[in-house]
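# Fold and geometry: a report
Chain by chain, the residues:
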Amino acid sequence: MLQQIQITDSIYYVGVNDRIKDLFESLWTLPYGVSYNSYLIVDEKVALMDSVDLCYSERFLRQIDGILQGRPVDYLIVDHMEPDHSGSIGMLKRRYPNIRIVGNKKTFAMMSSYYSTIDDNLIEVSEGDTLSLGRHELTFVMAPMVHWPEVMFTYDKTDKVLFSADAFGTFGTLDGNVLDTKLDTKHYFEEMERYYSCIVGKYGKFVQKTLEKVKSMNLEIKAICPLHGPVWTDEAARAIAIYDKLSRYEAEKGAVVLYGSMYGNTAALADTIARGIGSKGIKHVVTYDVSRGNPSLIIRDVFKYRAVVVGSPTYSNGVFQPMANVLELLRVREIPDRLFSVFGSCSWAGQAVKKMTPFAEEMKWELVGEPLEQKGSPDDADLERAYALGMQIGDRLNELYR
Ligand code: FEO
């Protein structure tokens, strides 16, 4: 007999763990794996909250069958259409031919583009619409761009549970338990920052709008059930606070020094600049070699810290490609209000520093210090300039965080 995981007397967890996928969205590493969460509300009518990645359909259906013992699922509520959650809809339709699928107008436009055969028994809902399951009454709250346009939250007024789609989610499989009160949540909170900045980070203003809307609704919330990671009860306020801080792009006092280096010369400048920053009492200085650094950690730390210092050798008359890639990852996330400094090396004609410097203007970031470029290997004078640049960055951080 399968063990059942209950969130409340009538809400069950039916999600799955994925420890096989090495890159989420084929981009982001998963050192702790990831969970695809789904929840079953058992009432006079049965409602399933989202599905799971297609690879886990069988395990998912088995859990549902174990709870329902032959009863059908009446409704599938689709809060988010990204395939890590919608992948098993086709399988659900085959298993429960009369299932009615609940979504909004944008949900169904996406459904027809992803799964053209799923086009009947659809119930379209809008902001504030409700659905009664008997004892449970569900209310739908639109949450566009948290993370895709069709996203909505579903609030269960009866058990005071908010089903929050990707919001308040985190990487990390659910090992042993599902509720925050029954887990060691330390690494989930660390992974939450990486999850947010990489997956949802571009859409901070939409996250803020949704947070404000939910706050203004004065909902009593006893549990938040996201589509990834733990169910938040006692630690819900902490999860909300992290999403609030990150979606306001609020930075801490610290610097991220990013460099690419073919022969160690730009690397020498990077370490010297980092020491210059550290000499001003800045404790948080994180340095990454962009050829080897994990992009998701780089993005996480740029969300976290105020100063971004980038260094590149000139390569084929331009910016070293791994650095160009990192700048693009930062550009698309539209992170505001950072300090920016530039450095680099060249062998005969410097181009990288010249080409990276306008990034400050494009991002509306504050350029700190003169862009620094040197030829060949840095001599003492070059290293002194690098150290001085670091000190300038440290001074500016100290001014901003008195
Ligand atoms: Fe977990 Fe936006 O999907």
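Rules of the game
- Residues numbered from 1 in each chain as written.
- Predicted model: local features only at pLDDT ≥ 70, side-chain atom pairs only at ≥ 80, totals over all residues.
- Heavy atoms only, no water.
- Buried < 20%, exposed > 50% of the residue type's maximum accessible area, 1.4 Å probe, protein only.
- Helix = DSSP H or I, 4+ residues; strand = E, 2+ residues; numbered from the N terminus.
- Pairing = 2+ DSSP bridges.
- Axes fitted to C-alpha atoms, helices over the stretch in contact; angles between N-to-C directions.
- Phe/Tyr/Trp six-rings, centres within 6.5 Å; stacked < 30°, edge-to-face > 60°.
- Lys NZ or Arg CZ within 6 Å of the ring centre and 35° of its normal.
- Contact = heavy atoms within 4.5 Å.
- Expected span 1.5 Å × (residues − 1).
- Core = buried A, V, L, I, M, F, W, Y, C linked by side-chain atoms within 4.5 Å.
- Salt bridge = Lys/Arg side-chain N within 4 Å of Asp/Glu carboxyl O.

## Some details on the pairing of strand 19 (residues 305–315)
Where burial is concerned, most of strand 19 is hidden: 10 out of the 11 residues are buried. Pairing of strand 17 (residues 252–259) with strand 19 involves six bridges; the strand directions are parallel. Residue pairing across strands places Tyr 259 opposite Gly 311, the latter belonging to strand 19. Bridge count for strand 19 against strand 20 (residues 318–319) is two bridges, and the pairing is antiparallel. Following the sheet pairing, Tyr 315 is matched in strand 20 by Gly 318.

## Examining the sheet that holds strand 13 (residues 137–142)
Overall, mixed pairing links the five strands, which are arranged 12-13-14-15-16 in an open sheet. Each of the sheet's edge strands pairs with one partner strand only, and the pair in question is strand 12 (130–132) and strand 16 (223–225). Here the average twist between neighbouring strands, direction ignored, is 20°. Examined bridge by bridge, strand 12 and strand 13 share three bridges and lie antiparallel to one another. Pairing of Thr 130 across the sheet is with Thr 139, part of strand 13.

## Considering the packing of aromatic side chains
What describes a pair of aromatic rings is the distance from one ring centre to the other and the angle between the planes of the rings. With the rule as written, the count across this model stands at 17 aromatic pairs. Ring centres 5.5 Å apart and planes at 50° place the aromatic pair Phe 340 and Phe 359 in the tilted group. Of this pair, Phe 340 sits in strand 21 (residues 339–346) while Phe 359 is found in helix 12 (residues 359–363), placing the two residues 19 residues apart along the sequence. Across this residue pair, the class does not change: Phe 340 and Phe 359 are buried. Taken together through their ring pairs, the aromatic side chains of Phe 168, Tyr 196, Tyr 243, Tyr 249 and Phe 303 make up a single cluster. The aromatic ring of Phe 189 is capped on one face by Arg 238, whose charged end is 3.8 Å from the ring centroid.

## A few points about the sheet that holds strand 1 (residues 5–6)
Here seven strands make up an open sheet; going across it, the order is 1-2-7-8-9-10-11 and the pairing mixed. Either end of the sheet is taken by a strand with one partner, and the two such strands are strand 1 and strand 11 (122–124). Its contacts with the sheet place helix 1 (residues 57–68) against strand 2 (11–13), strand 7 (39–42) and strand 8 (46–49), and it is angled at close to 20° to strand 7. Across the face of the sheet, helix 4 (residues 105–114) comes into contact with strand 10 (100–103) and strand 11 while running at roughly 120° to strand 10.

## A word on helix 1
Under the 1.5 Å per step criterion, the end-to-end length of helix 1 is 16 Å for 12 residues, consistent within 8% with the ideal 16 Å. Turning to helix 1, its buried residues are Ser 57, Phe 60, Leu 61, Ile 64, Gly 66, Ile 67 and Leu 68. Packing partners of the buried residues in helix 1 comprise strand 2, strand 3 (16–18), strand 7, strand 8 and helix 3 (89–95). Taken from the residues just after helix 1, Gln 69 is the one with a positive phi, measuring 50°.

## A word on the nonpolar core
Generally speaking, a soluble globular protein has its nonpolar side chains buried in company with each other. Within the largest apolar cluster, 117 residues are counted, with the highest numbers of intra-cluster contacts made by Leu 40, Ile 64, Ile 77 and Leu 258. For this core, the element with the highest residue contribution is helix 5 (residues 186–200), accounting for eight residues. Filtering out sequence-adjacent residues up to four positions away, Ile 77 remains in contact with Ala 47, Leu 48, Met 49, Asp 50, Val 102, Leu 131, Leu 138, Phe 140, Met 152 and Thr 154. Residues Val 257, Ala 267, Ala 386 and Ile 393 belong to the second largest nonpolar core, which totals 20 residues.

## Description of the pattern of salt bridges
Inspection of the entire model under this criterion finds 24 salt bridges. The shortest N-O distance in the salt bridge between Glu 190 and Lys 186 comes to 3.2 Å. With a gap of four residues between them, Glu 190 and Lys 186 both fall in helix 5, about one helical turn apart. Assessed through its relative accessible area of 57%, Lys 186 is described here as exposed. With a shortest N-O distance of 3.6 Å, Glu 193 and Lys 304 are connected by a salt bridge. With Glu 193 in helix 5 and Lys 304 in helix 9 (residues 295–304), this pair connects stretches of sequence that are 111 residues apart. Each member of the salt-bridge network shares a partner with another, and the members are Asp 244, Arg 248 and Glu 250.

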